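Notes for the structure review
Here are the chains, one letter per residue:
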Amino acid sequence: MNAETRIEANVAVKTGTIYGVGLGPGAQDLMSVRADRLVRGARHLAYFRKAGRPGQARRIVEGMLHADVAEFAMEYPVTTEISLADPRYNACLSEFYAACTEHLGTLARRGEDVVVLCEGDPFFYGSFMHLHARLSGVVPVEIVPGITGMSGAWTASGAPITWGDDVLTVLMATLPEADLARRIADTDALVVMKIGRNLAKLRRAVAAAGREHEAWLVEHAAMAEQRITPLVEAEAVTPYFSILLIHGKGRRP
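Summarised in this report is the structure supplied together with it.

1. Here we look at unusual backbone geometry
Backbone geometry at Y125 places phi at a positive 55 degrees, although glycine is not the residue there. Its place among the elements puts Y125 in the loop between β4 (114–118) and α5 (128–135). Given the relative accessible area of 41%, Y125 is considered partly exposed. A positive phi angle, close to 60 degrees, is found at F241, a residue other than glycine. Mapped onto the fold, F241 is located in the loop between β9 (227–230) and β10 (242–246).

Here is the structure:
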């Protein structure tokens, strides 16, 4: 080993940072300045997607990426094919997140920064949280917050979601029907996410709470395909990017 090689071997490699970057609800011009800068400068880019699909997060940043960026598509091994109650569901996803974590951690230990694209906000019902829980304390991780999908949805509706002392409740349509009805009846303003195949159940729960004429469906908020429909008129809903809203009517001057 010559002197030059020995010097290089003794140089410590600075650990890279994993950035969870919130892209907002779907439009490039709704991204933060920091998110825009990181995405455009990224040399390593990671994002989640369903197998066989380009991925919504990747679609949002189309045309923004550096010419020599290395992309890592993290393809879910399962989405709706297995019931959430099936033990195989958690086991399959746990193995998947562990593999993604190992890949990203290896890049960071080599000194590479990695930008992980996140729809909406990374800490709001996003897949990145599962990586953060595994990477935090192992390699540097930084979060860039983004506008949530629900914020994009109520903005698209053209009316404030809350007034005065209104209580806002955020629910997942995957909850049992009785739980949905109880919580819908017990709140002033409402956001329901993860509707997809649960539309019929959600419609019954909203009706049981006596609020079907207050409810709106917003699909693809802030995107070109944006659509807003009263719940009572909706016959179907897009599997992804659909949110139900009930606006608060609280105290105001």
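2. Here's the deal with the packing of helix α4 (residues 87–109) against α5
For the pair α4 and α5, the least separation of the axes is 9 Å and the interaxial angle reads 60 degrees. By the angle class used here, α4 and α5 are oblique. Between α4 and α5 the crossing geometry is right-handed. Contacts between α4 and α5 involve S94, Y97, A98, C100, T101, L104 and G105 from the former and H130, L131, R134 and L135 from the latter. In the contact of α4 with α5, the residues fall into six nonpolar, four polar and one charged.

3. Thoughts on the nonpolar core
Formed by 21 residues in total, the largest nonpolar core has its most connected members in I18, M74, F96, L104, V114, V116 and L131. Among the elements that make up this core, the one with the highest residue count is α4 (eight residues). Not counting the four nearest positions on each side in its chain, V116 is found in contact with I18, Y19, G20, V21, A46, M74, L104, F128 and L131.

4. Regarding the pattern of salt bridges
Applying the stated criterion to the full structure yields 12 salt bridges. In this structure, the salt-bridge partner of R49 is E75, at a minimum N-O distance of 2.9 Å. On the criterion of sequence distance, the pair formed by R49 in strand β2 (residues 44–50) and E75 in strand β3 (residues 70–76) is long-range, its members being 26 residues apart. Relative accessible area serves as the criterion here: at 22%, R49 is assigned to the partly exposed category. Between E219 and R227 there is a salt bridge; the shortest N-O distance is 2.9 Å. Beyond isolated ion pairs, a larger network of salt bridges with shared partners links R58, E62 and E71.

5. Some words on the side chain of R58
As for its position among the elements, R58 is in helix α3 (residues 56–60). The class of R58 is buried, set by a relative accessible area of 14%. Among the polar contacts made by the side chain of R58, one reaches the side chain of E62 at a distance of 2.9 Å. Not counting residues up to four positions away in its chain, the partners in contact with R58 are Y47, L65, E71 and L117.

Definitions and limits used
- Residues numbered from 1 in each chain as written.
- Predicted model: local features only at pLDDT ≥ 70, side-chain atom pairs only at ≥ 80, totals over all residues.
- Heavy atoms only, no water.
- Helix = DSSP H or I, 4+ residues; strand = E, 2+ residues; numbered from the N terminus.
- Buried < 20%, exposed > 50% of the residue type's maximum accessible area, 1.4 Å probe, protein only.
- Axes fitted to C-alpha atoms, helices over the stretch in contact; angles between N-to-C directions.
- Parallel < 35°, antiparallel > 145°, perpendicular 65-115°, else oblique.
- Left-handed = near helix turned anticlockwise from the far one by under 90°.
- Contact = heavy atoms within 4.5 Å.
- Nonpolar A, V, L, I, M, F, W, Y, C, P; charged D, E, K, R; others polar.
- Core = buried A, V, L, I, M, F, W, Y, C linked by side-chain atoms within 4.5 Å.
- Salt bridge = Lys/Arg side-chain N within 4 Å of Asp/Glu carboxyl O.
- Polar contact = N/O pair within 3.5 Å; in protein donor to acceptor, adjacent residues only side chain to side chain.

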